[in-house]
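Chains, contacts and geometry: an overview
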Amino acid sequence: MVVNLCTFMGRKNNVRILMIYVEEALKINAIDNYYMIDMTRNSRDHEYIYSEQQRLNGIYPGRVHIVNREIRKKQLSDGVAMDTIGSWSPFYKFCGKFGDNDVIIKCDDDTLYFDVETIRAAAEIRFKNKHPFL
């Protein structure tokens with residue numbers, strides 16, 4: 001089983017808080033991979049997200065990834081990024097890369113807390129129970 005945490009990234013102020021938990025989850029191997037889905041609305045946040053990905057990937061090589069960066073960069077420079085707000089297709093298209101041994105945990109950048117000590121146990125429950133009630 002591989003635990004993959006995915007976040008729709010956008011707002012620096014929220015991301016700064018979330019990164020505390022993500023970094024701890026990576027440190028204690030509560031998650032195997034972290035995917036930052038770039039859905040930023042401005043260039044400042046876009047560059048901040050990239051700098052955080054680079055920083056964390058330097059500490060946890062090959063475990064921290066950014067998705068949709070180049071497309072978002074073009075959308076921001078072309079002034080059409082706001083036209084894509086509410087379209088989560090980059091994430092759902094990306095999900096096709098995962099296999100039967102992957103558990104995907106999705107959160108938004110405004111998820112300001114999660115229990116890093118129990119997230120792997122939650123993923124294991126989900127992995128073992130393919131048809132849960134919730």
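So, a few notes on the structure that sits alongside this text. (Residues numbered from 1 in each chain as written. Predicted model: local features only at pLDDT ≥ 70, side-chain atom pairs only at ≥ 80, totals over all residues. Heavy atoms only, no water.)

Ranked by internal contacts, the top residues of the largest apolar core, which has 25 residues, are L5, M19, V22, I31, Y34 and F114. Sorting the residues of this core by element identifies β1 (2-9), α1 (12-27), β2 (33-38), α2 (43-59), β4 (102-108) and α5 (119-128) as the ones contributing at least two each. No other element matches α1, which puts six residues into this core. Filtering out sequence-adjacent residues up to four positions away, V22 remains in contact with L5, I31, Y34, L56 and F114. By size, the runner-up hydrophobic cluster in this structure holds nine residues, among which are Y35, I37, F94 and F98. (Core = buried A, V, L, I, M, F, W, Y, C linked by side-chain atoms within 4.5 Å. Buried < 20%, exposed > 50% of the residue type's maximum accessible area, 1.4 Å probe, protein only. Helix = DSSP H or I, 4+ residues; strand = E, 2+ residues; numbered from the N terminus. Contact = heavy atoms within 4.5 Å.)

With that out of the way, let us pick up the environment of F94. Looking at the secondary structure, you find F94 in helix α4 (residues 89-94). Assessed through its relative accessible area of 13%, F94 is described here as buried. Taking the C-alpha atoms as reference points, F94 and I37, separated by 57 residues in sequence, lie 9.2 Å from one another.

The subject of this paragraph is the pairing of β2. Among the six residues of β2, six are classified as buried, and the element is accordingly described as predominantly covered. Of the strand pairs in this sheet, β1 and β2 are connected by six bridges, and their pairing is parallel. Looking at β2, one finds that L5 is bridged to Y34. The handedness of the β1 to β2 crossover, carried by α1, is right-handed. With four bridges connecting them, β2 and strand β3 (residues 64-67) associate as parallel partners. Of the residues in β3, the one forming a bridge with Y34 is V64. Chirality of the crossover, the property in question, places the unit of β2, α2 and β3 among those that are right-handed. (Pairing = 2+ DSSP bridges. Right-handed = clockwise from strand over helix to strand, strands pointing away.)

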